[in-house]
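Remarks on the overall topology
Here are the chains, one letter per residue:
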Amino acid sequence: MTTQREEKKKVSRTRIVLSQVLACIALDFLLVGLGMSISFVTMVVPDVLDAKEGLSLNKKEASWFGSMAFLCQPLGSIFSGPLLDYFGRKKALFLVNIPHLVAWVLMYTAWNVPSLFIANALLGIGTGIMEAPSITYVGEVSDPSIRGILTTLTNCFTSTGMFIAYLLGTVLTWRQAALVSLTVPIATMLLVLFVPETPIWLLSKGRQKEALRSLCRLRGWAQPEDVKEEFDQLVQYNDLIQQCVVCTREGKSDVEPCCHNSHNVFKRIINKFRNVLFVKETMRPFALVMAYFFFYTLSGLAPIKPNMVNVCRALGMKYDPKNIVVAVGVVFIIMNILSAVIVKVIGKRKLVLFSLLATAFCSLALSVYARTNLPMELFSYEPSTFPNQGEILPVFLFMMLVSFSSLGIPWVLLSEVFPFRGRGLATGLAAALSYVIFFVAAKTNYNLEANFHISGAFFFYGIIGIIGTCYLYFFLPETESKTLVEIEAYYKGNQKIFADDFFINAFRKKNCLNTDVNKPMLVK
């Protein structure tokens, strides 16, 4: 006769994975909407650039229109952190859809150029607000064994949104496409009602019973005893982060009376920035992530996205540029799914280095093609300069650029490297600065082309990608299969931030023979 303990079977791995996948469904819809919002301008620009009827934009207006969303996204990102910490991850996922609801309605009804710009600006602000909740949620609900896959797959849903936007642009007018896009934030808001709040946020608010129920649901609808060990670790971690950060850094006991919470609001904000944001466990990963965003963005594809249709025409591609852009969306989806598989096999570090270097070489190849095959007066913002002939080679080179670029995972790293105490603030600030980089990249593409030809622009992007690969080779550690607590402890340590690589290790050993410096701890 079996005992009661034997009758209680462990929760199957399938149920554990399924529960976390279902918890991310609303997030996935949110990311589809995000992908649609950042790609919609690509389908609008060719239809309104020097249009003979309806709304019309000249070259400079089109350049500003294509990059305006990136400029406005930091405004949303700044507010996303406080929104995330105050309302919680679940409510934040609901509220961030409101700007997009207004934006899609305004885009559909745009009656002049200013209203079109305002609609695009609202899409940018809404996208910026979405970043921190979407990134943080998936990182906090998933366990380390599948967090890499789930966070990498978020790129796939963003790419799905891009594909839908490109596809709508080929079968509908941009106004009709905007109306269809309105259904995505509505569906997201309905789905958010059925997802759980993250356990760590509930613990931070003193709601321990709700946190335990949430963790049980996220671990395959398990019983409390099945998740006791993980829950105890979360409680212990929460107790640590609930201590006054100022007192902790000053070495005071947490049982001593603390006067810091009685300070006025401005002094509390200053203390939070000084002791939560401007500390090495936050600033080290912050600097690394921003460097990756810079190199990833300026490696070739991102700067031309708003004007992608016209760039395809300028390169003299054989097929209809709008169909090529739709194919770009399909490639993004396929490569994002592939990256989720690759990341489990080789880890995040090797995937980042390979994708960035391959992207750089593709940009250089396009530069060589443009220099040797296209006239010097060609300008992608001037349709009258486009070549008449169609070639297959630029199609191949461009799709290679898209394929390798879509393997990049800067947002995945952003979801896991920051400590909980400053995660909302740091994530929001990093997202804001990343969109400043996107804006600068998109806006300066016009100037690079105007002064150095399209070949010079791609050459610049290729060189930036190669420099970025070298930098990340030395400073990007491996975080795959590490818990968020382990990652935080790594960045909090006194060691220098070096990656774990046979060449770097050999150099370090040689260097250590001549110094008394202790060997740094590595994230393997």
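The rules behind the values
- Residues numbered from 1 in each chain as written.
- Predicted model: local features only at pLDDT ≥ 70, side-chain atom pairs only at ≥ 80, totals over all residues.
- Heavy atoms only, no water.
- UniProt positions renumbered as here; feature names shortened; annotations may be inferred.
- Helix = DSSP H or I, 4+ residues; strand = E, 2+ residues; numbered from the N terminus.
- Contact = heavy atoms within 4.5 Å.
- Areas by Shrake-Rupley, 256 points an atom, 1.4 Å probe, with all protein chains shown as cover.
- Phe/Tyr/Trp six-rings, centres within 6.5 Å; stacked < 30°, edge-to-face > 60°.
- Buried < 20%, exposed > 50% of the residue type's maximum accessible area, 1.4 Å probe, protein only.
- Lys NZ or Arg CZ within 6 Å of the ring centre and 35° of its normal.
- Expected span 1.5 Å × (residues − 1).
- Arc of directions from axis to C-beta.
- Core = buried A, V, L, I, M, F, W, Y, C linked by side-chain atoms within 4.5 Å.
- Domains from an automatic or database assignment.
- Patch = residues over 30% accessible without salt bridge, like charges linked within 9 Å, V, L, I, M, F, W, Y side chains within 5 Å.
- Salt bridge = Lys/Arg side-chain N within 4 Å of Asp/Glu carboxyl O.
- Axes fitted to C-alpha atoms, helices over the stretch in contact; angles between N-to-C directions.
- Parallel < 35°, antiparallel > 145°, perpendicular 65-115°, else oblique.
- Left-handed = near helix turned anticlockwise from the far one by under 90°.
- Nonpolar A, V, L, I, M, F, W, Y, C, P; charged D, E, K, R; others polar.

Naming follows an unreviewed UniProt entry, where the protein appears as Major facilitator superfamily (MFS) profile domain-containing protein of Pieris macdunnoughi. UniProt, in the comment section headed Subcellular location (unreviewed entry), describes the protein in these words: "Membrane".

Looking only at helices and strands, one finds 23 helices and zero strands in the protein. Sequence separation of at least 24 residues holds for 82% of the intrachain contacts in the protein that already meet a minimum separation of 6. About 23200 Å² of surface is accessible on the protein, with carbon and sulfur atoms providing 65% of the total.

A few words on the packing of aromatic side chains. Applying the stated criterion across every chain yields a total of 13 aromatic pairs. Between the aromatic rings of Tyr 86 and Phe 87, the centroid separation amounts to 4.9 Å while the plane-to-plane angle is 85°, which identifies the pairing as edge-to-face. Overall, Tyr 86 belongs to the exposed group, its relative accessible area being 62%. Geometrically, the ring pair formed by Phe 379 and Tyr 381 is tilted, given 5.6 Å between the ring centres and 50° between the ring planes. Assigned by exposure class, Phe 379 and Tyr 381 land together as buried. An aromatic cluster of at least three residues, connected via ring pairs, comprises Phe 294, Phe 295, Tyr 471 and Phe 475. The ring of Tyr 473 carries the charged tip of Arg 349 above its face, separated from the ring centre by 5.1 Å.

Right, let's talk about helix 6 (residues 98-109) for a bit. Compared with an ideal rise of 1.5 Å per residue, which puts twelve residues at 16 Å, helix 6 spans 17 Å between its outermost C-alpha atoms and is within 8% of the ideal. Listed in full, the buried residues belonging to helix 6 are Pro 99, His 100, Ala 103, Trp 104, Leu 106 and Met 107. Viewed end-on, helix 6 has its buried residues packed into an arc of 165°, placing them on one side of the element.

Another aspect to go through is the nonpolar core. If you look at the biggest cluster of nonpolar residues, it comprises 79 residues, and the most contacted ones within it are Tyr 166, Val 328, Phe 398, Ile 454 and Leu 472. Broken down by secondary-structure element, the contributors of at least two residues to this core are helix 8 (144-171), helix 16 (280-297), helix 17 (308-314), helix 18 (321-373), helix 19 (393-405), helix 20 (410-414), helix 21 (423-475) and helix 22 (484-492). Both domains that meet at this core, namely domain 1 (12-195) and domain 3 (279-496), each give it at least three residues. Residues within four places of Val 328 in sequence aside, it is in contact with Tyr 166, Met 308, Phe 398, Met 399 and Val 402. In this structure, Val 32, Val 48, Met 68 and Leu 106 belong to the second largest nonpolar core, which totals 31 residues.

Let us look at unusual backbone geometry. The backbone of Trp 221 shows a phi angle near 55°, a positive value even though the residue is not glycine. Tracing the chain through its elements places Trp 221 in the loop between helix 12 (208-218) and helix 13 (228-242). Phi is positive for His 453, which is not a glycine, with a value near 70°. Among the secondary structure elements, His 453 is positioned in helix 21.

This part is about a nonpolar patch on the surface. A surface patch of nonpolar side chains, amounting to about 420 Å² of accessible area, comprises Leu 18, Leu 22, Ile 25, Phe 29 and Trp 221. Taken together, the elements giving at least two residues each to the nonpolar patch come down to helix 2 (13-23) and helix 3 (25-48). Examined against the element boundaries, Leu 18 turns out to sit in helix 2.

This part takes up helix 2. Where helix 2 is concerned, the buried positions are Ile 16, Ser 19, Gln 20 and Ala 23. One side of helix 2 holds all its buried residues, which, seen down the axis, span an arc of 90°.

The contact between helix 3 and helix 6 brings their axes to 12 Å, and the two run at 40°. With respect to their mutual orientation, helix 3 and helix 6 come out oblique. Between helix 3 and helix 6 lies a crossing whose hand is left-handed. Contacts between helix 3 and helix 6 involve Gly 33, Met 36, Ser 37 and Phe 40 on the former and, on the latter, His 100, Trp 104 and Met 107. A class-by-class count of the residues in the contact of helix 3 with helix 6 yields four nonpolar, three polar and no charged.

This next bit is on the pattern of salt bridges. Evaluation of the coordinates by the stated rule reveals four salt bridges. Of the charged contacts, one joins Arg 219 and Glu 230 as a salt bridge, the two residues approaching to 2.8 Å between their closest N and O atoms. Taken together, the residues Arg 219 in the loop between helix 12 and helix 13 and Glu 230 in helix 13 connect sequence positions eleven residues apart. We note a salt bridge from Asp 232 to Lys 228, for which the minimum N-O separation is 2.9 Å. On the criterion of helical spacing, the pair formed by Asp 232 and Lys 228 is a turn pair, its members being four residues apart in helix 13.

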